[in-house]
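An overview of the molecular structure
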Amino acid sequence: VLGRLASQISTVVQGKDKPTYAPNRDDGDMCIVLNAKDVCVTGRKLTDKFYRWHTGQISSSIPSPSPRFDPSLSTELRYVGNLKERSLKDQMAKDPTEVIRKAVLRMLPRNKLRDDRDRKLRIFAGSEHPFHDRPIEPYVMPPRQVREMRPRARRAMIRAQKKAEQQEQGTTHTRRGKKREEGDPEANV
């Protein structure tokens, strides 16, 4: 799954898996990701997740020394910009490596070491890569730790199961407190 993979990659690239980790040093390992085209996401993220960016290029030029102010000379827009967006499905079809790269980069801290850590990340869409001469050790994702059901919801589920079992047996005997009858003189004492 994309998010879990990206969080593990960012941990390795930053070097947080080492005992000598320090946030001001770049001690991370180089990370090579293969088969980026096979990454999956949960839910409806393929159609609902969008990557957005703005186009347009603004270039500033030096204003003329004349006393009259010409706004066209101070800032020149080379072409009109717009907000563009691409769904995750389209981005996976165009370049699946960029999906993983953006997910990892957005998990890294925004500081001066970010570019160096980005250079340590190599992503390939297929299983072919140019690092055959280096020893590559495969990284096994740790198993996902699923939290157990919340206690209140679990008790409600157990009560519903017991009630269903009692209805199957034909007994609708439920434990309730004794009701006082109004005509009983001993109850009013």
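Note: the structure precedes this text.
In this text the structure is predicted, and so the values were computed from the model without any measurement.

1. Some points on helix H5 (residues 96–105)
Taken across its ten residues, H5 has eight buried, putting it largely inside the fold. Among the residues of H5, Pro96, Thr97, Val99, Ile100, Arg101, Ala103, Val104 and Leu105 are the ones counted as buried. Those residues of H5 that are buried lie in contact with helix H1 (2–14), strand S1 (31–33), strand S2 (50–54), helix H4 (88–94), helix H6 (114–119) and strand S6 (121–123).

2. Remarks on the environment of serine 87
Along the chain, the position of serine 87 falls in strand S5 (residues 83–87). As a C-alpha pair, serine 87 and leucine 46 span 41 residues in sequence and 6.9 Å in three-dimensional space. Ignoring sequence-local partners within four residues, the contact set of serine 87 consists of Leu46, Thr47, Lys49 and Phe50.

3. Remarks on H1
Since one α-helical turn is 3.6 residues long, residues separated by three or four positions face the same way. With 13 residues, H1 should reach 18 Å at 1.5 Å per residue; the first-to-last C-alpha distance of 18 Å fits that figure. Listed as buried for H1 are Leu2, Ala6, Ile9, Ser10, Val12, Val13 and Gln14. For H1, the secondary structure elements touched by its buried residues are S1, H5, H6 and S6. Of the residues one or two after H1, glycine 15 is the one with positive phi, at around 85°.

Cut-offs used in this document
- Residues numbered from 1 in each chain as written.
- Predicted model: local features only at pLDDT ≥ 70, side-chain atom pairs only at ≥ 80, totals over all residues.
- Heavy atoms only, no water.
- Buried < 20%, exposed > 50% of the residue type's maximum accessible area, 1.4 Å probe, protein only.
- Helix = DSSP H or I, 4+ residues; strand = E, 2+ residues; numbered from the N terminus.
- Contact = heavy atoms within 4.5 Å.
- Expected span 1.5 Å × (residues − 1).

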